[in-house]
Amino acid sequence: MVKNDIVWHDHTVTRSDREQRLSQRGVVVWFTGLSGCGKSTIANELDRQLNQLGRATMLLDGDNIRHGLCAPPERLAEEHSQEFAARFGLGFGETDREENIRRIGSLAGLMASAGLITLTAFVSPYRQDRDRVRKMIQANRAGDFIEVFVDTPLAICESRDPKGLYKKARAGLIKNFTGISDPYEAPLAPEIHLDGGDGRSPAQQATEVLETLRKQGVFK
Ligand SMILES: Nc1ncnc2c1ncn2[C@@H]1O[C@H](COP(=O)(O)OS(=O)(=O)O)[C@@H](OP(=O)(O)O)[C@H]1O
Ligand SMILES: Nc1ncnc2c1ncn2[C@@H]1O[C@H](COP(=O)(O)OP(=O)(O)O)[C@@H](O)[C@H]1O
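Note that the structure is predicted; figures quoted are calculated from it, not measured.

A look at the UniProt feature "transmembrane region" (unreviewed entry) in the protein
Move 1: What UniProt calls "transmembrane region" (unreviewed entry) maps, in this numbering, to residues 104–126.
Move 2: Helix and strand shares over residues 104–126 are 43% and 22% respectively, and the end C-alpha atoms of the span are 14 Å apart.

Concerning the side chain of threonine 178
Move 1: Within the secondary structure layout, threonine 178 lies in the loop between helix H9 (165–170) and strand S5 (192–195).
Move 2: Discounting chain neighbours no more than four positions away, the residues touching threonine 178 are Leu34, Arg97, Val123, Pro125, Tyr166, Pro183 and Tyr184.

Some points on the pairing of S5
Move 1: Alternating positions in S5 separate cleanly, Ile192 and Leu194 being buried on one face and His193 and Asp195 remaining unburied on the opposite face.
Move 2: Pairing analysis gives 4 bridges linking strand S4 (residues 145–151) to S5, with the strands arranged parallel. Residue pairing across strands places valine 150 opposite leucine 194, the latter belonging to S5.

Overview of the pairing of strand S3 (residues 117–121)
Two faces make up the sheet, and in a regular strand the side chains alternate between them.
Move 1: With 5 of 5 residues buried, S3 lies mostly within the body of the structure.
Move 2: Going residue by residue along S3, you find Ile117, Leu119 and Ala121 tucked away on one face and Thr118 and Thr120 tucked away on the opposite face as well.
Move 3: The pairing of strand S1 (residues 27–32) with S3 spans 5 bridges and is classified as parallel. Residue pairing for S3: valine 29 is matched across the bridge by leucine 119.
Move 4: In the sheet, strand S2 (residues 57–61) pairs with S3 via 5 bridges, with the strands oriented parallel. Of the residues in S3, the one forming a bridge with methionine 58 is threonine 118.

Some details on the layout of surface pockets
Move 1: Computed from the structure, the largest pocket encloses a volume of approximately 920 Å³.
Move 2: Lining of the largest pocket is provided by 40 residues; of these, Ser35, Asp63, Phe92, Lys163 and Leu165 occupy positions nearest its centre.
Move 3: Broken down by secondary-structure element, the contributors of at least two residues to the lining of the largest pocket are helix H2 (39–52), helix H3 (62–65), helix H4 (73–76), helix H6 (94–113) and H9.
Move 4: For the lining of the largest pocket, a count of residues per class yields 17 nonpolar, 12 polar and 11 charged.
Move 5: Its boundaries defined by the atoms lining it, the second largest pocket holds a volume of some 560 Å³.

With respect to the nonpolar core
Inside soluble globular proteins, nonpolar side chains tend to come together where they are buried.
Move 1: By size, the foremost hydrophobic cluster in this structure holds 30 residues, and its most contacted members are Val29, Phe31, Leu46, Leu50, Ile117, Val209 and Leu213.
Move 2: Those elements giving two or more residues to this core turn out to be S1, H2, S3, S4, H9, S5 and helix H10 (202–215).
Move 3: Look past the residues within four positions of phenylalanine 31 in its chain and what remains in contact with it is Lys39, Ile42, Ala43, Leu46, Thr120, Ala121, Phe122, Ser124, Val148 and Val150.
Move 4: Counting 15 residues, the second-largest nonpolar core is a separate cluster that includes Leu60, Ile65, Ile104 and Val133.

A short note on the UniProt feature "binding site: ATP" (unreviewed entry) in the protein
Move 1: Within the UniProt annotation, "binding site: ATP" (unreviewed entry) is assigned to Gly33, Leu34, Ser35, Gly36, Cys37, Gly38, Lys39 and Ser40. As for the largest pocket, its lining draws on Leu34, Ser35, Gly36, Cys37, Gly38, Lys39 and Ser40 from among the annotated residues.
Move 2: Inspection of the secondary structure puts cysteine 37 in the loop between S1 and H2.
Move 3: Cysteine 37 gets classed as buried once you look at its relative accessible area, which sits at 3%.
Move 4: Each residue touching cysteine 37, except ones within four places of it in the same chain, is listed here: Val150, Thr152, Cys157 and Arg160.
Move 5: Assignment of secondary structure puts lysine 39 in helix H2.
Move 6: Setting aside chain neighbours within four positions, we find lysine 39 in contact with Phe31, Thr32, Gly33, Leu34, Ala121, Phe122, Val123 and Val150.

A word on the site of ligand 1
Move 1: Of all residues adjacent to ligand 1, which total 22 residues, the nearest are Ser35, Arg97, Asn100, Ser124 and Asn176.
Move 2: Between lysine 163 and ligand 1, the recorded distance is 2.8 Å, taken from a side-chain N or O atom to an oxygen atom.
Move 3: Between ligand 1 and threonine 178 there is a distance of 3.5 Å, counted from a nitrogen atom to a backbone nitrogen or oxygen.
Move 4: Its free accessible area being 620 Å², ligand 1 has 93% of it covered by the protein chains.
Move 5: Among the cavities detected, the one that contains ligand 1 is the largest pocket.
Move 6: Going through the elements one at a time, H2, H3 and H6 are the ones with two or more residues in the shell around ligand 1.
Move 7: For the shell around ligand 1, the element with the highest residue contribution is H6, accounting for 3 residues.
Move 8: Its residues placed into classes, the shell around ligand 1 shows 8 nonpolar, 8 polar and 6 charged.

Conventions adopted
Residues numbered from 1 in each chain as written. Chains lettered and ligands numbered in written order. Predicted model: local features only at pLDDT ≥ 70, side-chain atom pairs only at ≥ 80, totals over all residues. Heavy atoms only, no water. UniProt positions renumbered as here; feature names shortened; annotations may be inferred. Helix = DSSP H or I, 4+ residues; strand = E, 2+ residues; numbered from the N terminus. Contact = heavy atoms within 4.5 Å. Buried < 20%, exposed > 50% of the residue type's maximum accessible area, 1.4 Å probe, protein only. Pairing = 2+ DSSP bridges. 1 Å grid on protein atoms, 1.4 Å probe; cavity = no way out; pocket = protein on both sides within 12 Å on 5 of 7 lines; lining within 4 Å. Points joined across faces, edges and corners; volume = space filled by probe spheres on them. Nonpolar A, V, L, I, M, F, W, Y, C, P; charged D, E, K, R; others polar. Core = buried A, V, L, I, M, F, W, Y, C linked by side-chain atoms within 4.5 Å. Near = heavy atom within 4 Å. Polar contact = N/O pair within 3.5 Å; in protein donor to acceptor, adjacent residues only side chain to side chain. Areas by Shrake-Rupley, 256 points an atom, 1.4 Å probe, with all protein chains shown as cover. Sits in = over half its atoms within 2 Å of the grid points.

This is the structure we're talking about:
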C-alpha cells in the first residue's frame, strides 16, 4: 500500500444498488487487435444490439478518446501551455500507450462500477498494459474483465486500410505503427477469440460476444 494523504471515500449508493436497478452486472468488455481488425465496428454493433435489448452501455473508442481524455500534445497546446501539452499529451510510443491504457482502464472501471456494460475498442498492443487493467478490474470482482481478441491477419487489415494509415506507415510517414514498425502482443488467454478473417459479418461476431455475456450472467 502506497502511503499518502488520499483516503478512499465510500458512497451511500452502492454499486450493487446501481446494478440491481439496471438488472445487469457492470463489466468491461475489452476489444483488442490491430488497426483495421474490426474492433470499432464489432463493438459498435454489440452496443447497438445490447441497447436494442434495453441494456445500459457505454462505448469507449480509441479515435474518440484521443480527441479528449487522451489527446495528443498538438491538440492540448491549443488550450494549454507547451509545457503542459508536452507533459500530458499522448502519442504512440510505448510509455504513451501505457498511460493511454491506464487512463482508459481507470475510466472503464468507473463506468463498470456505475453498472454499465462498458465496451472499449483500443489497439492496446502491450500484454502488460492490458493485464494491469484486468488485475485492477478483477480485484473488485472476478469475471468483470472480458477480453475480446479480434484476430484479423495483418494482410487483411492492411488491405482494408480505411484511413490510409498502413499506406503511410509503409511509406515511413507514421512512426511506431502497430504491426508495421511497432509490436502487437496477442492475448494468451482471451475470454473471447474472434477470427476476424472468417468471413462472418460484424453483426454475427457481435452476437457471439452478446451470447457469451448472457451466458456469463452479465444480463438475463
Ligand atoms: N502509430 C500508430 N499505431 C497504431 N494506431 C495509430 C497510430 N497512429 C495513429 N493511429 C490511429 O490511432 C488509433 C489507435 O489508438 P489507440 O488509442 O487505440 O492505441 S493504443 O491502444 O494506445 O495502442 C488507431 O485506430 P484504429 O484503426 O481504430 O485501431 C489508428 O487509427
Ligand atoms: N467482420 C468483418 N468483416 C468484414 N469487414 C469488416 C469486419 N469488421 C470490420 N470490417 C471492416 O474493416 C474496416 C476496419 O474496421 P474498424 O472497425 O474500423 O477496425 P478497428 O477499429 O479495429 O481499426 C472497416 O471498413 C469495417 O467495415
